[in-house]
Amino acid sequence: MLGFLTARQAGLDDPLRLRRAESTRRVLSLTLNPDREVDRIHGNGINTIDIEVVEGRYMLSGGADGVIVIYDLENYSGKLHYTCKSVCTVGRSNRYVHKFSVETVQWYPYDTGMFVSSSFDKTMKVWDTETLKPAEVFEFEGNVYSHHLSPIARKHSLIAVGTKDPKIHLCDLKSGSRIQVLQGHRAEILSVRWSPRYEHILATASADSKVKVWDVRRASGCLFSLDQHNGDKSKAASEAVNTAHNGRVNGLCFTGDGLYLLTTGTDDRMRLWNSATGENTLVNYGKVSNGNRKKLQFAVSRGCGPEFVFVPCESSVAVYAVHTGELVSTLRGHYNNVDCCELHPDYQVSRVEPSRSLFVFPSPGPCLLSPSAVASLLCAFVFISSTAALVVVAVRAIRHLQSPWQPRMSLMRRGGGLDR
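Worth saying up front: this structure is predicted, and the values here are computed from it rather than measured.

1. Points about the overall build of the chain
Secondary structure summary: the chain contains two helices and 30 strands in total. Relative to its full complement of 420 residues, the chain shows a buried share of 59%. Summarising the internal contacts of the chain: among those between residues at least 6 apart in sequence, 57% fall at separations of at least 24. Per element, the accessible surface of the chain, about 17,500 Å² overall, is 48% carbon and sulfur.

2. Some remarks on the packing of aromatic side chains
Applying the stated rule across the entire model yields five aromatic pairs. With 5.8 Å between their ring centres and 70 degrees between their planes, W107 and F115 make a pair best called edge-to-face. On the accessibility criterion, F115 (0% relative accessible area) is buried. Both rings, one in F120 and one in Y145, keep their centres 5.5 Å apart while their planes meet at 80 degrees; by these two values the pair is edge-to-face.

3. Here we look at the pattern of salt bridges
Pairing is possible between side chains of opposite charge, provided their charged atoms come close. Scanning the model with the defined rule gives five salt bridges in all. With a closest N to O distance of 3.4 Å, E188 and R248 form a salt bridge. Placement of E188 in the loop between strand 14 (177-183) and strand 15 (189-194) and of R248 in the loop between strand 18 (222-225) and strand 19 (249-254) is noted, with a sequence separation of 60 residues between them. Of the two residues, E188 and R248, both sit in the buried class. Of the charged contacts, one joins D267 and R271 as a salt bridge, the two residues approaching to 3.5 Å between their closest N and O atoms.

4. Re unusual backbone geometry
With an omega of 5 degrees, the peptide bond between G305 and P306 qualifies as cis. Structurally, P306 is set in the loop between strand 22 (299-300) and strand 23 (308-313). Of note in the backbone geometry, L282 takes a positive phi value of approximately 65 degrees without being a glycine. Note on placement: L282 falls in the loop between strand 21 (269-274) and strand 22. A residue is classified by how much of its surface remains accessible, and L282, at 61% relative accessible area, is exposed.

5. Examining the nonpolar core
If you look at the biggest cluster of nonpolar residues, it comprises 15 residues, and the most contacted ones within it are L262, M270, Y285, V309, V311, Y320 and V322. Not counting residues within four places of it along the chain, the set of residues in contact with V309 comprises L262, M270, F298, A299, V300, A318, V319, Y320 and V322. Among the nonpolar cores identified, the runner-up in size contains 14 residues, and Y58, I70, V102 and W127 belong to it.

6. A look at the sheet that holds strand 11 (residues 144-149)
An order of 11-12-13-14 is seen for the four strands of this open sheet, with the pairing classed as antiparallel. Strands with a single pairing partner mark the edges of an open sheet, and in this sheet they are strand 11 and strand 14. Taking each pair of neighbouring strands and ignoring which way they run, the sheet shows an average axis angle of 25 degrees. Pairing of strand 13 (residues 167-172) with strand 14 involves six bridges; the strand directions are antiparallel. Looking across to strand 14, one finds that K167 is bridged to Q183.

7. Notes on the UniProt feature "repeat: WD" (unreviewed entry) in the chain
Mapped onto this numbering, the UniProt entry gives "repeat: WD" (unreviewed entry) at residues 95-137, 182-217 and 242-283. With 0% helix and 53% strand, the stretch residues 182-217 has end C-alpha atoms that lie 11 Å from each other.

8. Looking at the pairing of strand 4 (residues 68-72)
The element strand 4 is extensively covered by neighbouring structure, given that five of its five residues are classed as buried. Hairpin geometry of strand 3 (residues 58-63) and strand 4 is characterised by an intervening segment of four residues between the two adjacent antiparallel strands and by a positive phi of about 85 degrees at G66. Pairing analysis gives four bridges linking strand 4 to strand 6 (residues 86-90), with the strands arranged antiparallel. Looking across to strand 6, one finds that I70 is bridged to C88.

9. Concerning the sheet that holds strand 8 (residues 114-119)
In space, the four strands of this open sheet follow the order 7-8-9-10, with antiparallel pairing throughout. This sheet does not close on itself; its edge strands, each paired only once, are strand 7 (102-107) and strand 10 (133-139). Taking each pair of neighbouring strands and ignoring which way they run, the sheet shows an average axis angle of 20 degrees.

10. A short note on the pairing of strand 18
In terms of strand pairing, strand 17 (residues 211-215) meets strand 18 through three bridges, oriented antiparallel. Bridge assignment links V213 to a residue of strand 18, and that residue is F224. In sequence, strand 17 turns back onto strand 18 through a hairpin of six residues, with G221 there showing a positive phi of about 80 degrees.

11. Things to note about the side chain of S146
Looking at the secondary structure, you find S146 in strand 11. Residue S146 is classed as buried on the basis of its relative accessible area, which comes to 1%. Ignoring anything within four residues of it in the chain, the contact list for S146 reads T104, S118, A160, V161, G162, L190, S191, V192 and K295.

12. A closer look at helix 2 (residues 15-28)
Over its 14 residues, helix 2 extends 20 Å from the first C-alpha to the last, a length consistent with the 20 Å expected when each residue adds 1.5 Å. Looking at helix 2, one finds that the buried residues are L18, E22, S23, T24, R26 and V27.

13. Digging into the environment of V309
If you trace the backbone, V309 turns up in strand 23. With a relative accessible area of 0%, V309 lands in the buried category. Along the chain, V309 and T255 lie 54 residues apart, while their C-alpha atoms are 8.8 Å from each other.

Reading the values: the criteria
- Residues numbered from 1 in each chain as written.
- Predicted model: local features only at pLDDT ≥ 70, side-chain atom pairs only at ≥ 80, totals over all residues.
- Heavy atoms only, no water.
- Helix = DSSP H or I, 4+ residues; strand = E, 2+ residues; numbered from the N terminus.
- Buried < 20%, exposed > 50% of the residue type's maximum accessible area, 1.4 Å probe, protein only.
- Contact = heavy atoms within 4.5 Å.
- Areas by Shrake-Rupley, 256 points an atom, 1.4 Å probe, with all protein chains shown as cover.
- Phe/Tyr/Trp six-rings, centres within 6.5 Å; stacked < 30°, edge-to-face > 60°.
- Salt bridge = Lys/Arg side-chain N within 4 Å of Asp/Glu carboxyl O.
- Core = buried A, V, L, I, M, F, W, Y, C linked by side-chain atoms within 4.5 Å.
- Pairing = 2+ DSSP bridges.
- Axes fitted to C-alpha atoms, helices over the stretch in contact; angles between N-to-C directions.
- UniProt positions renumbered as here; feature names shortened; annotations may be inferred.
- Expected span 1.5 Å × (residues − 1).

Now the structure itself:
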């Protein structure tokens, strides 16, 4: 590390190389930390979480009880042992609360003033963070398994929605209406994901064992279906032709550059695909236990070399090297199955266990910084199990100083701990 700092100070090295090296070292050095906890708000299992990217400070969680909670991850107390407090809660006393299990929550990518939730009550709600009231409600004919907003879109404001109906619904935030339906799957849509590279490219996964890649600008829509045998029909049974997995496909995640797509299925396999051609790269990750019949949320690292994927695997989180399939480490601490895993470049991770306690995984040693180019920050990476507690993994990492741009509305304007 001192060699990297010296080369950076002398102008001999790219600053991104220093950040990549330190980020990689920290991810590989995760250890359990008992000094970070999270307020216990949910009465039942936690299905989904999301950390906003504007300030890297607030975390959404949605539970099987229909409750949505916003947590503040920052520690301003100056104490070593710290509990992340809930800023506000859409609790059972709120007239707008979801009636059934919340399956997906997501912050609006450009502003903490809005977030979106979807539920088994057949609705998707667009929330105003300031008032905790839905600004828009979309109703569907079946349970909503997944939704996703594009992290890079400038020319559209579409939300892709996967439901029990074998159609992908595209909802427009500007008009408040469903403007397009994508057809091609034959069973419920378990996961949807926009490309982080091209704003009009969408990937969808279904219980029909297929993964399809779409260009929403085209009349025909579907670009191609992923084939685990790369078109070699001699290796596939007749029912397995043009299928991505030999079971339900319930997980999708693009790599940070959008060049590759990772999928998980109930056949206990994870596969890596070229997102431009649809080719199966044939990377062997071994058995990746997956008994989840709903969406499985997993995460890929950003800014590391090589890239890593964090996948819930029974009661632990398995960490694999994306391009080699090597099992790098296993993060343990749960008693029940882990259902959700979220990675944020600034805040690195939380999880759940039956005791409702929260653990933190710090990296050993101090963080070395170049004051002219980088600032220390807390990295968090989050994994969730089917119980009602969170476990937070935290490491130190480095990044360039934040730009002076600020969102139009910040959660800092809110009071804390309100159930509206």
